[in-house]
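Residues per chain, in single letters:
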Amino acid sequence: MHEGNPNGSSSSCENQNGDSENEISSKGDSSLVRSKCVKMGAFPLTHKDKDIIRLIGQYLKNTGFEQTADKLVDESGLYLEHPVATQLRSHILAGNWTKAEASLAELHKLLSSDESMMKEMKFSVLKQKYLEMVEDGKLIEAIHCLRYELTPLKFNTGQVHKLSTYVMYDSLDELKEMANWAGKGYASRQSLMEHLQTFLPIHIVLPPKRLDKLLDQAVSHQIHQCKYHNRSLSPHLYDDFSLLTDHICAKDSFPSRCTHILTQHGDQVWFCRFSPDGSLLATGKQVSLLS
């Protein structure tokens with residue numbers, strides 16, 4: 001991660017009008033002081049602070065709050081991702097494939113990555129380029145891309161052969177189904193960028209939707225730890241679940257009405273466990289018999 005300003009250890013901070021930290025705080029503007037002093041180094045950001053800022057920034061951008069994310073970058077003095085990664089994202093979303101390939105070459109210089117990884121990334125970009133040409137009916141350009149750009153990579157030959165059949169599609173829906181592709185536009189290009197992110201180290205760009213994944217893991221962990229959680233009432237992860245408080249199901253919400261009587265065991269039952277969806281119950285008896 002690159003920082004726009006160093007976080008040194010300064011004991012005081014002045015605003016543009018020459019007010020000291022204590023003077024501004026006495027006026028009730030402590031949040032302004034914190035913001036200004038972070039950039040000047042009076043409050044050094046910890047590694048955890050920087051990670052959280054990058055996670056929040058990525059989430060804001062993914063949800064369309066571009067200006068808010070840019071403001072966060074400006075106030076923190078941190079980059080959310082390496083400038084070359086930002087350029088790559090911009091070129092891919094704009095469908096500028098020549099510039100996207102140039103950005104990939106720049107990343108290769110930065111990372112000294114192995115050739116197989118770079119080939120796979122370039123193959124993914126050229127595949128998107130090819131499919132968009134086919135959709136647009138630019139078949140001569142698409143065949144040129146296939147023959148002189150994709151094939152020379154000598155990567156995933158079977159996929160290249162399969163791509164060659166797409167020029168004979170009868171309808172756009174058929175092309176999308178054959179290629180398992182969303183079609184030309186933001187959705188497929190964003191999906192491509194997220195795929196490329198999985199190859200890049202975190203100091204260049206965060207993994208796609210990283211904050212979402214961390215929150216999903218936290219929710220799953222709390223549900224797993226909840227003794228009385230009833231999955232049949234909340235089959236989806238965030239049903240009746242708030243991130244603003246710890247998840248605890250009340251005991252009286254757990255089913256307590258007798259619906260079945262197990263008669264298969266004639267001895268002591270030493271163990272029982274419900275399946276994750278609550279539809280099955282496994283039991284074990286003293287003689288190691290499972291039912």
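Small disclaimer: the values here were computed from a predicted structure and weren't measured.

**A short note on the overall build of the protein**
(1) Moving on: Across its full length, the protein carries twelve helices and two strands.
(2) Moving on: Mapped in sequence order, the helices and strands of the protein form the string α-α-α-α-α-α-α-α-α-α-α-α-β-β.
(3) Moving on: When each of the 291 residues of the protein is scored for burial, the buried share is 33%.
(4) Moving on: The contacts of the protein with a sequence gap of at least 6 include a subset with a gap of at least 24, amounting to 54%.
(5) Moving on: Of the roughly 18,600 Å² that the protein leaves accessible, carbon and sulfur atoms contribute 54%.

**Quick look at the nonpolar core**
(1) Moving on: Leu88, Ile92, Met121, Val125 and Leu196 are the most contacted members of the largest nonpolar core, which has 19 residues in total.
(2) Moving on: Listed in part, the 18 residues of the second largest apolar core include Phe123, Cys145, Val160 and Ala179.

**Topic: helix H11 (residues 186-197)**
(1) Moving on: The terminal C-alpha atoms of H11 lie 16 Å apart, and with twelve residues this matches the ideal 16 Å at 1.5 Å per residue to within 8%.
(2) Moving on: Taken as a whole, H11 has its buried residues at Ser188, Arg189, Gln190, Leu192, Met193, Glu194, Leu196 and Gln197.

**A look at the packing of helix H7 (residues 115-135) against helix H9 (residues 157-164)**
Axes are the key here: two packed helices are described by the angle between their axes and the distance separating the axes.
(1) Moving on: Here H7 crosses H9 at 5°, and the two axes come no closer than 12 Å. One way to sum up the angle between H7 and H9 is to call them roughly parallel. Contacts between H7 and H9 involve Phe123, Lys127, Tyr130 and Leu131 from the first element and Gln159, Val160, Leu163 and Ser164 from the second.
(2) Moving on: The class makeup of the residues in the contact of H7 with H9 is five nonpolar, two polar and one charged.

**Digging into H9**
(1) Moving on: Gln159, Val160 and Leu163 are the residues of H9 that are buried. Projected onto a plane normal to the axis of H9, the buried residues spread over an arc of 105° and lie on a single side. Looking at H9, the residues exposed on the side facing more than 90 degrees away from the buried face are Gly158 and His161.
(2) Moving on: Check the buried side of H9 and you find it contacts H7 and helix H8 (139-150).

**Topic: the pattern of salt bridges**
(1) Moving on: This model, assessed by the stated rule, comprises eight salt bridges.
(2) Moving on: Notably, a salt bridge pairs Lys129 with Glu149, separated by 3.1 Å at the nearest N-O pair. Placement of the pair is Lys129 in helix H7 and Glu149 in helix H8, with a sequence separation of 20 residues.
(3) Moving on: For Lys129, a relative accessible area of 11% translates into the label buried.
(4) Moving on: Among the ionic pairs, Arg189 bridges to Glu132, the shortest N-O distance being 2.8 Å. With Arg189 in helix H11 and Glu132 in helix H7, this residue pair connects regions lying 57 residues apart in the sequence.
(5) Moving on: A residue is classified by how much of its surface remains accessible, and Arg189, at 10% relative accessible area, is buried.
(6) Moving on: Judged by its relative accessible area of 4%, Glu132 falls in the buried class.
(7) Moving on: Each of Lys61, Glu66 and Asp70 takes part in one network of salt bridges that share partners.

**A look at the side chain of Ser124**
(1) Moving on: Along the polypeptide, Ser124 turns up in helix H7.
(2) Moving on: Excluding residues within four positions of it along the chain, Ser124 makes contact with Leu192, His195 and Leu196.

**Here's the deal with the environment of Ala94**
(1) Moving on: For Ala94, the position within the fold is in helix H5 (residues 83-94).
(2) Moving on: A relative accessible area of 56% means that Ala94 is categorised as exposed.
(3) Moving on: Spatially, the C-alpha atom of Ala94 lies 8.9 Å from that of Gly185, the residues being 91 residues apart in sequence.

The rules behind each value
- Residues numbered from 1 in each chain as written.
- Predicted model: local features only at pLDDT ≥ 70, side-chain atom pairs only at ≥ 80, totals over all residues.
- Heavy atoms only, no water.
- Helix = DSSP H or I, 4+ residues; strand = E, 2+ residues; numbered from the N terminus.
- Buried < 20%, exposed > 50% of the residue type's maximum accessible area, 1.4 Å probe, protein only.
- Contact = heavy atoms within 4.5 Å.
- Areas by Shrake-Rupley, 256 points an atom, 1.4 Å probe, with all protein chains shown as cover.
- Core = buried A, V, L, I, M, F, W, Y, C linked by side-chain atoms within 4.5 Å.
- Expected span 1.5 Å × (residues − 1).
- Axes fitted to C-alpha atoms, helices over the stretch in contact; angles between N-to-C directions.
- Parallel < 35°, antiparallel > 145°, perpendicular 65-115°, else oblique.
- Nonpolar A, V, L, I, M, F, W, Y, C, P; charged D, E, K, R; others polar.
- Arc of directions from axis to C-beta.
- Salt bridge = Lys/Arg side-chain N within 4 Å of Asp/Glu carboxyl O.

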